[in-house]
Amino acid sequence: MAATPSQKETPNSTPPATGPTLLTYLLLIGVIVLFTIYKADIAPRKTTSWLEVEKDMLPKKAIAKIEVINNEEADIYIKEAFADTPPFNEEMKPGKSKAVMPGPQYTLTIGSVETFERKLEEAQKGTPLDQQIDVVYVKRENWLSKILVWLFPLLLFLLFWRYLLRAGAGGAGGTSIFSFGKSKAMLFDKGRKSKITFADVAGLEEASMEVKEVVDFLRSPEAFTKLGAKIPKGVILVGPPGTGKTLLAKAMAGEAQVPFFSMSGSEFVEMFVGVGASRVRDLFKQAKDKAPCIIFIDEIDSIGQSRGMNTIYSGSNDERESTLNQLLTEMDGFETNSGVIVLAATNRADLLDPALLRPGRFDRHIYLELPNIREREEIFKVHLRPLKTDDTLDVAFLAAQTPGFSGADIANVCNEAALIAARRKRESINRQDFMDALDRIVAGLERKSRIIAPEEKKIIAYHEAGHALVSWLLKHVDPLIKVSIIPRGKALGAAWYLPEERQLKSATAFTEHLSAMLAGRAAEEITFGEITSGALDDLEKATKEAYMMVAYYGFDKKIGNISFYDSTGQQDTRLSKPYSEETGKMIDAEVIKLLNEAYLKAKELLSRHQEQLIKLAELLLQKEVVFKEDLEAILGKRLTPARETPVAGVL
Ligand code: ADP
């Protein structure tokens, strides 16, 4: 999917209030009022020290009263008679003639009550009791700080709550905790269109037609309904990865004159229970508000998987199931002609719940396949459009080189070729850049720097020569194009084949292919009398193919015309095999027999042509890459005329 910013618009969400609310004003006023009262309650006092008290106030007998507050500070009251005398008048109110009455005018922080009392007592020694200063002890509560302690958390909480509410109103795609249940669908509407059009989709004519028809249903439903036809509710695109399902949907979003909601199946399910279902509900609600419109759900298999599957491993898959149930309910819920059509895409229709596929829900199935040679040519043309290529490039040749490639692979080849040309500092991309891009994509990156000992290089050369020779001699094996002993990706050497674009493959083609796969190891054994671990990949592929021949395609005479293949994906073969233990043993025995026979055949062929094997291997050691022409020079023309158009598929 193209990275597009997520859609924030919701049809019915009101924009959240942004200015301060009445509540905030009230709170603010409250705090100001409280503070003023508190301030008014405290008369202005001057901080003084004991020294001043002892030196100035006590000898003048100016102190009327001392109030010890909370055993911490002493408030000093000056006698009314001293209000006009300096320094009391000046200090309290500079420029004024009178100290503020009734006071307190001074405050003094006392260390402890005992020390204060002692000091006072000492200072007043000899003073008659009735003339001694009156000391009062007061306990005063600081009610403002109390109120603030109580008010502050409340205020904080209110602010937090307001923030949550406001974020919650963020709507679809909003990031607040309240928008979990909102669908994350992207909305393509009038103001916001996908840039992809049907001109960017090559091949796929039938599929494009059907998809375009869906738009027609929505735009002029009367044409269909007047004849009594029901408009389909759901259309599902099925096909291997990279065949252009998402691309088709994007093109539809680009060209449809109706709103288009796009979402991936995996976006429904989060870690919280119930979110998936609520997102489905929200998506359909939004869609109904915008009808006529299209909802596109990519990779629907992530929610639409058959219910009850894999429950043994993962416990009950409640969340996914409830999401699926909600989807089914929604699809049932809206009227046939309500103007909402659901488009979905999947690689694995076999995994989908049958309830989803039944007519009335996804009643139209559009199958996309890997492109054929003509379609590949068209796809190449689409992807070559933005590239700067030179005249050496032949699109038909490229299409012929790439059997089994999907649209995505072709897009990748084009991009890779452009990157290679840029690295080589060329002005335009030429044929060789494309050939190198193909090699790289089929077999991995060349790793010339990988150091291989000469004796190992020799083994690799014989191994690859073995593959090449046997596949050259057996006429049902795909035509060989080139062999290389330059390490690429994980492989130490590779042989390129051009698979024929056939729908059917015969049993003989399978067995001959097995021999060609095992020929690398056979060549090692014949030449060196020793086998190596280099055949691991060949063995793995050969074993899998042999099992498929016996257990799936019914090629084995002893097992017979039987297939244990399960296209519905409902069976879990890891837990229980679909055949009895005896049959299982028989299958194993037959597979071993098949592989042994194929290996012997390869060995026999190589022994007969050992001279050519040596020639080819030596040539490989010398040149590192050997082409069809070199093979012809050593081995003569191949039995089946190899087509002129080469590459793809590696052994
Ligand atoms: P999927 O079938 O897995 O959804 P996509 O639609 O995502 O595949 O295809 C991936 C890319 O492959 C596209 O973005 C496009 O560049 C290219 N592609 C696939 N099919 C076609 C096609 N028919 N025409 C042009 N480009 C294609």
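Everything quoted here is computed from the prediction, not taken from an experiment.

Draft legend 1. Broad picture of the overall build of the protein. The number of helices and strands found in the protein is 23 helices and 14 strands. For the protein, the residues scored as buried account for 42% of the 651 residues in total. In the protein, 76% of the contacts between residues at least 6 apart in sequence involve partners at least 24 apart. Of the accessible surface of the protein, which amounts to about 34600 Å², a share of 57% is contributed by carbon and sulfur atoms.

Draft legend 2. The sheet that holds strand 1 (residues 46–47), seen in detail. The sheet built from 5 strands is open, its strands ordered 1-4-3-2-5 with mixed pairing. The sheet is open, and its two edges are formed by strand 1 and strand 5 (134–138), each paired on a single side. With 5 bridges joining them, strand 2 (residues 63–69) and strand 5 adopt parallel strand pairing. Within strand 5, the residue paired with Ile66 across the bridge is Val135.

Draft legend 3. Representation of helix 18 (residues 454–473) within the structure. For helix 18, spanning 20 residues, the distance from its first C-alpha to its last is 28 Å, which sits close to the expected 28 Å at 1.5 Å a residue. Burial analysis of helix 18 places 14 of its 20 residues in the buried class, the great majority of the element.

Draft legend 4. Region of interest: the site of the ligand. Near the ligand, the surroundings consist of 16 residues, among which Ala202, Gly242, Lys245, Thr246 and Leu247 are the closest. At 2.8 Å, a backbone N or O of Ala202 approaches a nitrogen atom of the ligand. Thr243 is positioned with one of its backbone polar atoms (N or O) 3.3 Å from an oxygen atom of the ligand. In the complex, 80% of the free accessible area of the ligand, which totals 560 Å², lies under the protein chains. Secondary structure elements with two or more residues in the shell around the ligand: helix 8 (245–255), helix 14 (373–384) and helix 16 (407–423). Split by residue class, the shell around the ligand holds 8 nonpolar, 6 polar and 2 charged. Split by domain, the shell around the ligand shows at least three residues from each of two domains, domain 2 (186–367) and domain 3 (373–443).

Draft legend 5. Molecular detail of the packing of aromatic side chains. Evaluated as defined, the whole model comprises 10 aromatic pairs. When the ring of Phe157 is compared with that of Trp161, the centres are 6.5 Å apart and the planes differ by 20°; the resulting orientation is stacked. Taken together, the residues Phe157 and Trp161, both in helix 5 (residues 143–168) and 4 residues apart, mark about one turn of the helix. One aromatic cluster is present, formed by Phe510, Tyr553 and Phe555 through successive ring pairs. Over the ring of Tyr77 we find Lys65, and its NZ or CZ is 4.4 Å from the ring centre.

Draft legend 6. Structural detail: the pattern of salt bridges. Tallied over the full model, the rule gives 25 salt bridges. In this structure, Arg361 engages Asp332 in a salt bridge whose closest nitrogen and oxygen atoms are separated by 2.5 Å. Of this pair, Arg361 sits in the loop between helix 13 (354–357) and strand 11 (362–367) while Asp332 sits in helix 12 (residues 318–333), placing them 29 residues apart in sequence. For Arg361, a relative accessible area of 8% puts it in the buried group. Overall, Asp332 belongs to the partly exposed group, its relative accessible area being 36%. Among the ionic pairs, Lys381 bridges to Glu377, the shortest N-O distance being 3.8 Å.

Draft legend 7. Fine view of the environment of Pro87. Looking at where Pro87 falls in the secondary structure, it is placed in the loop between strand 3 (73–78) and helix 3 (88–92). Spatially, the C-alpha atom of Pro87 lies 9.3 Å from that of Asp56, the residues being 31 residues apart in sequence.

Draft legend 8. Representation of the sheet that holds strand 6 (residues 186–188) within the structure. Within the open sheet, the 6 strands sit side by side as 6-8-9-10-7-11. Their pairing is mixed. Two strands close off the open sheet at either side, each with one partner strand: strand 6 and strand 11. Across the sheet, the mean angle separating the axes of adjacent strands is 20° when strand polarity is ignored. Summarising the sheet, strand 8 (residues 260–264) and strand 9 (residues 293–298) pair through 5 bridges and their orientation is parallel. Across the sheet, Phe261 pairs through a bridge with Ile295, a residue of strand 9.

Draft legend 9. Spatial organisation of helix 23 (residues 628–635). What helix 23 keeps buried is the set Lys628, Asp630, Leu631, Ile634 and Leu635. Down the axis of helix 23, the sector holding all buried residues measures 160°, keeping them to one side. Projecting away from the buried face of helix 23 at angles above 90 degrees are the exposed residues Glu629 and Ala633. For helix 23, the secondary structure elements touched by its buried residues are helix 18, strand 12 (480–484), helix 22 (610–623) and strand 14 (625–627).

About the criteria used
Residues numbered from 1 in each chain as written. Predicted model: local features only at pLDDT ≥ 70, side-chain atom pairs only at ≥ 80, totals over all residues. Heavy atoms only, no water. Helix = DSSP H or I, 4+ residues; strand = E, 2+ residues; numbered from the N terminus. Buried < 20%, exposed > 50% of the residue type's maximum accessible area, 1.4 Å probe, protein only. Contact = heavy atoms within 4.5 Å. Areas by Shrake-Rupley, 256 points an atom, 1.4 Å probe, with all protein chains shown as cover. Pairing = 2+ DSSP bridges. Expected span 1.5 Å × (residues − 1). Near = heavy atom within 4 Å. Polar contact = N/O pair within 3.5 Å; in protein donor to acceptor, adjacent residues only side chain to side chain. Nonpolar A, V, L, I, M, F, W, Y, C, P; charged D, E, K, R; others polar. Domains from an automatic or database assignment. Phe/Tyr/Trp six-rings, centres within 6.5 Å; stacked < 30°, edge-to-face > 60°. Lys NZ or Arg CZ within 6 Å of the ring centre and 35° of its normal. Salt bridge = Lys/Arg side-chain N within 4 Å of Asp/Glu carboxyl O. Axes fitted to C-alpha atoms, helices over the stretch in contact; angles between N-to-C directions. Arc of directions from axis to C-beta.

All we've got here are geometric facts, nothing functional implied.
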